[in-house]
Amino acid sequence: MPKKIIIDTDPGVDDAMAILFAFNSPEVEVIGLTTIFGNVTTDLGTQNGLRIVELAQHPQIPVAHGSDRPLYIPLDGIADFVHGHDGLGNTNQPPPAGQPDSRSAAQFIVEMVMSNPGEITLVPIGPLTNLALALAIEPKIVQNVVDVVLMGGAATVNGNVNPAAEANIAHDPHAADLVFNAGWPVTMVGLDVTEQVIMEEAYLRGLKDNGGRSAAFIWDITRFYQNFHFQAIGLEGLHTHDPSAIAYVIDPSLFTTIQGGIRVITEGVATGLTLLDRRPEWPNTHAWSHSPKTNVCVGVDAPRLRQLYQERILRAT
């Protein structure tokens, strides 16, 4: 039986790549997208979500509009310099034909989880505000999800917005701390592994030359994104962030993990830091003492992950 998943997303070039990966993987069944700010505004993210489900020929998949701002802090800009003004590499896709779901993202998550107890995995690949709001609406979702597999954070490496923080966590650190410490199973697929999986131009061109409409779309939207990677860090390729979270859901054996409590720093110079407790025992109590253990990805079989992604995208229409 495929795993039922809800992808909480801020699409976003790599979000689009991840969603198409999921749609073309028989191990998972996407039962909805929920949208959030980050790479784009939530309004644009909702429109892009509708565009992607239509491109993938799954227009029946609901897309629920999420929060427009973080829980407590102001929205500190969006990453249009990374993903383009339209979030899809400045490719200026046509307007979607569909409309968003009538429910808010948080309400959609609650209703889906509570009506499918023990069946749904949440896969947030943007800031974690919608999940925090869903927890506030119905705390019992904690006991009813299978897993939360999130793309975000950095436990053993620097962040990507500053030395401390990864972007998804930095956008709403208060929400992230709530999600890590809610008591449900959490797997963190962070920069520790996503920056190890690099898709070079030749790899992406191979997708385009051998695939269908989805592969051509990925090639088009990654031109701007790849140029950002080269201009910012001299990388002739791109980091594989959000698709890595989908890869974990499909095949956890691709990853090496460690476990420990995580607290997210919510103020000061290190705001957004996902600070992992790696010590097995402490003689004293502290802010991590009652944190549930997060499953943290620290290693990845990058060639196998790239091969899996290629296989799934080349089978897409």
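Given the structure is predicted, the values throughout are model-derived calculations rather than measurements.

Conventions we followed
- As a convention, each chain's residues are numbered from 1 in the sequence order in which they are written.
- Residue-level local features of this predicted model are given only where pLDDT is at least 70; pairs of side-chain atoms are given and counted only at 80 or more, and the full residue set underlies all totals for whole chains, interfaces and linings.
- No hydrogens and no water enter the side-chain calculation; it runs on all heavy atoms of the structure.
- Exposure categories follow from relative accessible area, calculated using a 1.4 Å probe and restricted to protein chains: below 20% of the type maximum is buried, above 50% is exposed, and the middle band is partly exposed.
- Each helix is a run of H or I in the DSSP string that is no shorter than four residues. Each strand is a run of E no shorter than two, and both are numbered from the N terminus.
- Pairs of strands are assigned from DSSP output, requiring at least two bridges between the strands.
- The charge count includes Lys and Arg as positive and Asp and Glu as negative, but it does not include His or the ends of the chains.
- Salt bridge criterion: a side-chain nitrogen from Lys or Arg within 4 Å of a carboxyl oxygen from Asp or Glu.
- Only heavy atoms enter the contact rule, under which two residues are in contact if any of them lie within 4.5 Å.
- Note on geometry: axes are lines fitted to C-alpha atoms, helical ones only across the stretch in contact, with angles between N-to-C directions running from 0 to 180 degrees.
- Every angle not falling under 35 degrees, over 145, or within 65 to 115 is termed oblique; those three ranges are roughly parallel, roughly antiparallel and roughly perpendicular.
- As used in this record, nonpolar core signifies buried Ala, Val, Leu, Ile, Met, Phe, Trp, Tyr and Cys residues forming a set joined through side-chain atoms within 4.5 Å.
- Stacked, edge-to-face and tilted are the three classes for Phe, Tyr and Trp ring pairs, Trp counted by its six-membered ring, which pair at centre distances within 6.5 Å; planes under 30 degrees apart are stacked, over 60 edge-to-face, the rest tilted.
- Our definition puts a charge over a ring when NZ of Lys or CZ of Arg is within 6 Å of the ring centre and also within 35 degrees of the ring normal.
- By the definition used in this description, the sense in which the near helix is turned from the far one sets the handedness, with an anticlockwise turn below a right angle giving left-handed and a clockwise turn giving right-handed.
- Polar here means any residue outside two lists: the nonpolar Ala, Val, Leu, Ile, Met, Phe, Trp, Tyr, Cys and Pro, and the charged Asp, Glu, Lys and Arg; Gly therefore counts as polar.
- Nitrogen and oxygen atoms within 3.5 Å of one another constitute a polar contact, given that in protein one can donate a hydrogen and the other can accept it, and given that sequence-neighbouring residues count only through two side-chain atoms.

Chemist: Would you explain the pairing of strand S11 (residues 293-300) in this entry?
Modeler: Here is the key point about a regular strand: its side chains alternate between the two faces of the sheet. A large share of S11 lies buried, amounting to six of its eight residues. With two bridges joining them, strand S6 (residues 186-189) and S11 adopt parallel strand pairing. Each residue of the ladder has a partner; that of threonine 187, found in S11, is asparagine 295. Direction of pairing for strand S9 (residues 255-264) relative to S11: antiparallel, over a ladder of seven bridges. In the strand pairing of S11, glutamine 259 is matched with asparagine 295.

Chemist: Mind showing me how you'd approach the side chain of aspartate 10 here?
Modeler: Inspection of the secondary structure puts aspartate 10 in the loop between strand S1 (3-9) and helix H1 (13-23). Look at aspartate 10: it is buried, it has no salt bridge, and the nearest opposite charge is arginine 51 at 14 Å. Beyond its immediate sequence surroundings of up to four residues, aspartate 10 is in contact with Asp15, Ile36, Phe37, Gly38, Asn39, Val40, Ile125, Gly126, Pro127 and Asn168.

Chemist: How should the packing of H1 against helix H12 (residues 242-250) be read in this particular structure?
Modeler: Packed helices, taken two at a time, are described by their axes: the angle between them and the distance between them. The geometry of H1 relative to H12 is characterised by a closest axis approach of 7 Å and an angle of 25° between their N-to-C directions. Judged by the inter-axis angle, H1 sits roughly parallel to H12. Between H1 and H12, the contacting residues are Asp14, Asp15, Met17, Ala18, Phe21 and Ala22 on the first element and Asp242, Pro243, Ile246, Ala247 and Ile250 on the second.

Chemist: Would you mind showing me how to read the sheet that holds strand S5 (residues 145-151) here?
Modeler: Note on sheets: strands pair through backbone hydrogen bonds, and any given pair is parallel or antiparallel. Strand order in this open sheet of nine strands is S3-S2-S1-S4-S5-S6-S11-S9-S10, and the pairing throughout is mixed. Only two strands of the sheet have a single neighbouring strand rather than two, namely strand S3 (63-64) and strand S10 (274-276). Sheet topology places S1 next to strand S2 (residues 28-35); seven bridges connect them, and they run parallel. Bridging across to S2, isoleucine 6 finds its partner in glycine 32. Relative to the sheet, helix H8 (residues 173-180) contacts S5, S6, S9, S10 and S11, its axis offset from that of S9 by approximately 115°.

Chemist: Which parts of the structure should I look at to understand the nonpolar core?
Modeler: Side chains of a nonpolar character, in soluble globular proteins, are inclined to be buried together. Counting 59 residues, the largest nonpolar core has Ile5, Ile7, Ile246, Phe255 and Tyr309 as its most contacted members. Of the residues forming this core, the biggest block, nine residues, is contributed by H1. Those residues within four positions of isoleucine 246 in sequence are excluded, and the remaining contacts are Ile5, Ile7, Ala18, Phe21, Ala22 and Val123. If you look at the next biggest cluster of nonpolar residues, it comprises 35 residues, including Leu131, Ala132, Ala134 and Val264.

Chemist: Please clarify how the packing of aromatic side chains should be interpreted in this entry.
Modeler: The geometry of an aromatic ring pair comes down to the distance between the two centres and the angle between the two planes. Under the definition given, this model contains three aromatic pairs. Centre to centre, the rings of phenylalanine 21 and tyrosine 309 are 4.8 Å apart; their planes meet at 65°, and the pair counts as edge-to-face. With a gap of 288 residues between them, phenylalanine 21 in helix H1 and tyrosine 309 in helix H13 (residues 302-314) connect regions that are remote in the sequence. You'll find phenylalanine 21 and tyrosine 309 in the same group, each marked buried. Lying across the ring of tryptophan 282, arginine 279 places its NZ or CZ 4.1 Å from the centre.

Chemist: Can you walk me through the pattern of salt bridges in this structure?
Modeler: Pairing is possible between side chains that carry opposite charge, provided their charged atoms lie close to one another. A complete count under the given rule lists nine salt bridges for this structure. When the shortest N-O distance is used, the salt bridge between glutamate 119 and lysine 4 registers 2.8 Å. Placement of the pair is glutamate 119 in the loop between helix H4 (105-115) and strand S4 (120-124) and lysine 4 in strand S1, with a sequence separation of 115 residues. Owing to a relative accessible area of 37%, glutamate 119 belongs among the partly exposed residues under this scheme.

Chemist: How should unusual backbone geometry be read in this particular structure?
Modeler: Leave glycine aside and you will find that most residues have negative phi; peptide bonds, for their part, are mostly trans. Omega for the bond connecting proline 11 with glycine 12 falls within 30 degrees of zero, at 0°, which places this linkage in the cis form. One non-glycine residue with positive phi stands out, namely glutamine 57, at about 60°. Within the element layout of this structure, glutamine 57 appears in the loop between helix H2 (42-55) and S3. Its identity is not glycine, yet asparagine 92 carries a phi of approximately 55°, on the positive side. Tracing the sequence through the fold places asparagine 92 in the loop between helix H3 (80-83) and H4. Of the residues examined, asparagine 92 reaches a relative accessible area of 53% and is grouped as exposed.

Chemist: Looking at this model, I keep getting lost on the packing of H4 against helix H5 (residues 129-137). Mind explaining?
Modeler: Where H4 contacts H5, the axes come no closer than 8 Å and their chain directions differ by 60°. Classed by the angle they form, the pair H4 and H5 counts as oblique. Relative to H5, H4 is oriented so that their crossing is right-handed. Between H4 and H5, the residues in contact are Ala105, Ala106, Gln107, Ile109 and Val110 and Asn130, Leu131, Leu133, Ala134 and Ile137, respectively. Of the residues in the contact of H4 with H5, the class split is eight nonpolar, two polar and no charged.

Chemist: Can you walk me through the side chain of asparagine 295 in this structure?
Modeler: The topology assignment puts asparagine 295 in strand S11. Relative accessible area serves as the criterion here: at 16%, asparagine 295 is assigned to the buried category. Within polar-contact distance, the side chain of asparagine 295 engages the side chain of glutamine 259 at 2.5 Å.

The analysis is restricted to geometry; functional conclusions fall outside its scope.
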